[in-house]
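Residues per chain are reported as follows:
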Amino acid sequence: MTSRRGRGPAAPSPPGGPRRTSGPGQAGRGQSTRGQTGRGQAGRGQSGRGQGSAGRSGVRGAGGAERAARRDRDVRPPTAPRRRPRALLRRRIVRRDPIKRLNVGLLLVAFVLSLFAGRLVQLQGLESKGYAEAAVRQRLNRIPLPAVRGAITFAQGQPLAMTVDARVIYADPSLIQQYEQKNHTNIRNKIATTLASMFGLDPATLLNKLTPRSKMDRYRELIHHVEPDRARMVTAMNFTGIGTQQEYRRIYPGGSLAANVVGFVNAAGDGAAGLESSTNKLLKGRSGWQKVEVSEKGQRIPMGEDQQLKPIPGKGLRLTLDQDIQWKAQDAIAKQVKATKAQSGSVIVMDPRSGQILAMATAPTFDPANYGKYPESDWGNRVVQDDFEPGSTSKVVTAAAALEAGHVTPDTVFDVPDHITKFDRTFHDSETHPTEPLTFGGVLAKSSNVGTIMASDRLTNAQLYQYMRAFGYGQETGVGLPGEDAGSLKPPNQWWGTDRYPLAFGQSVSVNALQVASVYATIANHGVRVAPSLIAGTTDDHGNLTPAAKPAQRRVISSTTAAELTKMLEGVISKEGTAPAAQIPGYRVAGKTGTAQRVNLKTGNYGGGGYTATFVGFAPAENPQLVVEVVLQKPQNGYYGGEVAAPVFKDVMSFALQSRRVPPSAGRSQKIRISPDQR
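Calculation rules
The residue count restarts for each chain, going from 1 along the sequence in the order it is written. Residues qualify for local features only when their pLDDT is at least 70, as the model is predicted, and side-chain atom pairs are given and counted only at 80 or more; totals for whole chains, interfaces and linings, by contrast, use all residues. Only hydrogens and water are removed before side-chain values are computed, so all heavy atoms of the structure are retained for them. Each helix corresponds to a stretch of at least 4 residues labelled H or I by DSSP, and each strand to a stretch of at least 2 residues labelled E; elements are numbered beginning at the N terminus. We call a residue buried when its accessible area falls under 20% of the maximum for its residue type, exposed when it is over 50%, and partly exposed in between, using a 1.4 Å probe and counting protein chains only. The criterion used for residue contact is that any of the two residues' heavy atoms lie within 4.5 Å. In this description, accessible areas are obtained by the Shrake-Rupley approach with a 1.4 Å probe, and a residue is regarded as covered only by the protein chains that are shown. Any Phe, Tyr or Trp ring, taking Trp's six-membered ring, that has another such ring centre within 6.5 Å forms a pair; planes under 30 degrees apart are called stacked, those over 60 apart edge-to-face, and the others tilted. Charge over a ring is defined by NZ of Lys or CZ of Arg lying within 6 Å of the ring centre and within 35 degrees of the ring normal. Note on patches: the residues involved have over 30% relative accessible area and no salt bridge, like charges join within 9 Å, and the nonpolar side chains Val, Leu, Ile, Met, Phe, Trp and Tyr join within 5 Å. A carboxyl oxygen of Asp or Glu within 4 Å of a side-chain nitrogen of Lys or Arg is what we treat as a salt bridge. The distinction between a cavity and a pocket rests on a 1 Å grid over the protein atoms alone: a 1.4 Å probe fits inside a cavity but cannot get out, while a pocket stays open yet meets protein on both sides within 12 Å along at least five of seven lines, and a residue with an atom within 4 Å of a point counts as lining. Grid points are joined across faces, edges and corners, and a volume is the space filled by probe spheres set on the points. Residue polarity is assigned by list, with Asp, Glu, Lys and Arg as charged and Ala, Val, Leu, Ile, Met, Phe, Trp, Tyr, Cys and Pro as nonpolar; anything else, Gly included, falls into the polar class. Being paired, for any two strands, means DSSP has found at least two bridges between them. Only the contacting stretch of a helix is used when fitting its axis, a line to C-alpha atoms as for every element, and angles between N-to-C directions run 0 to 180 degrees. Buried Ala, Val, Leu, Ile, Met, Phe, Trp, Tyr and Cys residues that are joined via side-chain atoms within 4.5 Å together make up what is termed a nonpolar core. Our angle categories are set so that under 35 degrees counts as roughly parallel, over 145 as roughly antiparallel, 65 to 115 as roughly perpendicular, and the remainder as oblique. Working rule for handedness: look at the near helix, and if it is turned counterclockwise from the far one by less than a right angle, call the crossing left-handed; if clockwise, right-handed.

Details of the overall build of the protein chain
Piece 1. Each helix and strand counted, the protein chain has 21 helices and 27 strands in total.
Piece 2. A buried classification covers 44% of the 679 residues belonging to the protein chain.
Piece 3. Pairs at least 24 residues apart make up 71% of the contacts formed inside the protein chain by residues separated by at least 6 positions.
Piece 4. Total accessible area computed for the protein chain in this model is approximately 35300 Å², and 52% of it derives from carbon and sulfur atoms.

Digging into the side chain of T279
Piece 1. You can see T279 is positioned in the loop between helix 10 (274-278) and helix 11 (280-284).
Piece 2. Overall, T279 belongs to the buried group, its relative accessible area being 13%.
Piece 3. When neighbours within four sequence positions are excluded, T279 is seen to be in contact with L317 and I535.

Some thoughts on the packing of aromatic side chains
Piece 1. Summed over the entire model, instances satisfying the criterion amount to twelve aromatic pairs.
Piece 2. Aromatic side chains F264 and W379 sit 5.0 Å apart centroid to centroid with 75 degrees between the ring planes, which places their arrangement in the edge-to-face category. Remark: W379 occurs in the loop between strand 14 (357-363) and helix 13 (382-385) and F264 occurs in strand 8 (residues 264-265); sequence separation between them is 115 residues. Each member of the pair, F264 together with W379, is buried.
Piece 3. Pairwise contacts between aromatic rings join F264, F366, Y371, Y374 and W379 into one cluster.
Piece 4. A cation over a ring is seen here: R500 above Y501, with NZ or CZ 5.6 Å from the ring centre.

With respect to a nonpolar patch on the surface
Piece 1. A grouping of V109, F111, V112, L113, L115 and F116 is seen on the molecular surface, where their side chains present a nonpolar patch of about 610 Å² in accessible area.
Piece 2. Here L113 is to be found in helix 3 (residues 86-126).

Looking at empty space enclosed by the protein
Piece 1. Within the structure shown, the criterion is met by four cavities of 30 Å³ or more.
Piece 2. Here the largest cavity defines a volume of roughly 60 Å³.
Piece 3. Every residue lining the largest cavity is listed: S344, G345, S346, R382, D386, F388, A513, V631 and Q633.
Piece 4. When contributions to the lining of the largest cavity are tallied by element, the ones reaching two or more residues are strand 13 (344-350) and strand 27 (626-633).
Piece 5. Its residues assigned to classes, the lining of the largest cavity shows three nonpolar, four polar and two charged.

What about the sheet that holds strand 25 (residues 590-597)?
Piece 1. Pairing within the open sheet is antiparallel, and its five strands lie in the order 14-13-27-26-25. What marks the edges here is a single partner per strand, and that holds for strand 14 and strand 25. Each strand axis lies, on average, 5 degrees off the axis of its neighbour in the sheet, ignoring direction.
Piece 2. Strands in contact with helix 12 (residues 323-340) are strand 13, strand 14 and strand 27; relative to strand 14, the strand with the most contacts, it is inclined by about 25 degrees.
Piece 3. The strands that helix 21 (residues 641-659) touches are strand 13, strand 25, strand 26 (611-619) and strand 27; relative to strand 26, the one it contacts most, it runs at about 35 degrees.

Structural notes on the nonpolar core
Piece 1. Ranked by internal contacts, the top residues of the largest apolar core, which has 124 residues, are V347, V349, F440, L514, I557 and L565.
Piece 2. Setting aside residues no more than four positions away along its own chain, L565 makes contact with V396, A399, A400, L403, I523 and I557.
Piece 3. Within the second largest apolar cluster, 19 residues are counted, among which are A192, F199, A231 and F239.

Overview of the environment of G586
Piece 1. Along the chain, G586 turns up in the loop between helix 20 (559-572) and strand 25.
Piece 2. With relative accessibility at 46%, the residue G586 sits in the partly exposed group.
Piece 3. Residues G586 and S665, spaced 79 residues apart in sequence, show a C-alpha to C-alpha distance of 6.1 Å.
Piece 4. Setting aside residues no more than four positions away along its own chain, G586 makes contact with P664 and S665.

Notes on the pattern of salt bridges
Piece 1. Evaluated as defined, the whole model comprises 17 salt bridges.
Piece 2. Between R673 and D411 there is a salt bridge whose closest N-O contact spans 3.9 Å. Residue R673 is located in the segment after helix 21, and its partner D411 is located in the loop between helix 14 (395-404) and strand 16 (413-416); the two are separated by 262 residues in the primary sequence.
Piece 3. Relative accessible area serves as the criterion here: at 27%, R673 is assigned to the partly exposed category.
Piece 4. On the basis of relative accessibility, which here comes to 40%, the residue D411 falls in the partly exposed class.

Remarks on the packing of helix 6 (residues 188-199) against helix 7 (residues 203-210)
Piece 1. Between helix 6 and helix 7, whose axes approach to 8 Å, the crossing angle comes to 135 degrees. Classified by the interaxial angle, the pair formed by helix 6 and helix 7 is oblique. Here helix 6 runs over helix 7; the crossing is right-handed. Between helix 6 and helix 7, the residues in contact are R188, N189, I191, A192, L195 and A196 and P203, L206, L207 and L210, respectively.
Piece 2. Residue composition of the contact of helix 6 with helix 7, grouped by class: eight nonpolar, one polar and one charged.

Structural notes on the pairing of strand 27
Piece 1. For strand 27, a buried count of eight out of eight residues is recorded, marking the element as mostly surrounded by other parts of the structure.
Piece 2. As defined by bridge partners, strand 13 adjoins strand 27 across seven bridges and the pair is classed as antiparallel. Looking across to strand 27, one finds that I348 is bridged to E629.
Piece 3. When strand 26 meets strand 27, the two strands line up antiparallel, connected through eight bridges. Residue pairing for strand 27: F615 is matched across the bridge by V630.

Rendered as structure tokens:
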């Protein structure tokens, strides 16, 4: 049996030869029809596909088939062409479609490949740099490198403010989110509550910081200034996405000692008060940064990109403050503020020859390490920020102007009543008394307002104003502390009616405490004013000192006038003066009391405003080495400067003289005539 291509075994021929088909040109399953339907009946019909060979059918040859077909055509009547069977049409389509489909498929594949090739050219060629940079940015992590803040020290080098090693706790919010998605858990709440309980923070605030803003949110600082030991405890908890890195923490070894001079650094690392604020740029230096490549798990990639800007350490400040004298001044004023129930108080200690400030104390004060626990009013420095009317301490300026102009001498006599009327105003002494003859030295010693007005009548408005300006009124001292109030001194063209008379004895003008101390330092320095200074120099990170520029100085009055004023001020300390409580055994002391009314801010006048009690002086009078000023605002238990301020002066000055090893005076104080009949 012979098989046909693709059809399986051929069926056996019926008896008498092959069965005739149902019509001409058709064949059964065993025969090919293509050779008999108009495509070369002999050629293809005998090729082995359209018609079976003699070997396949075993009945008739090619000639018999042709004759049979011709006979059939001759016998049958003409009929309409029969439609080709659908099976045959389908078979022909099947043979042609593979080629077409192959061509179409190849075209589609070529088109798709061309798209891929174009995109590949775009990515690898045209936009390769941008995508490469984006990939690097995604892996890069910028780490800040803070600069070491410069130290602030006393004149002898003891630290007032210094920087120590600390840690900042940070989070990688994106890594935390990836961990949560992968493990189907929520660890952010656990991290937030744990850290909040450890450091006393708000869990909601920490939780907000742990929530990523974008996929690139890889670094968020959570807690600053953490001690290294506590930071290691956090690291040991092994929270995913939580790490620590080095930073620095500001500490103040002296606590509240000189806190109002030094100030403090806020949570952002910037100075917010005192010298920490005014010299912040110098102290802070310049922070740096480092960019490193990190993996998806937050680990640093070895040999990855590493960019760095090295930080530059800040400069340190060496102050002029003496640690021991500062402590004494601060202790003394704090006790007196408490004892007198004063609103506040301050003490200044200066070297009149150099202008250096050896102590600057205020009360109440604060602890810069815990500044948030104190009212903001205690953060500033009242020595330069609080202005007040100087009262009788300003009479020395009027006296200096009158002496320098040659209108009076210490022995010039004035008949002084207890009040005097100028135009429509009457001015009084602090106590009632009959008219009495007083030398000009006696006027100053007894602190007579009326006698001072009488002496000032010999000065023009311009002269009085000129000397007030020359001594520093109405101008900042330039000491470098923030928020300094320069006070108020109107020029003569703005004076009205009787304005000049209260100016003569310290009213209608406002000053700060350092301005007053500078006036007496000028007299103590033989008439030469040296600008007050608080900074001795700067230090580098190796401790090398660069001295500050020498302060400006100018002559205000002659040395002769300064000597006459000194002699007159010694009379204030005598038994006949207003401040015998300021006497120091073994030392000649010169000084002046001040008891000035304060303006009531509610009413705009002096009634109910309280008093400013002051004493300022220098010693030894024959060769002044130190100036000390004490100011008490609104004391309740006593308010005269000679009663509440002079004792503090004596306490602080005695300590400072011994601390600086100043030898006692060789002789007694020079006596000054208070009245003309005194011998």
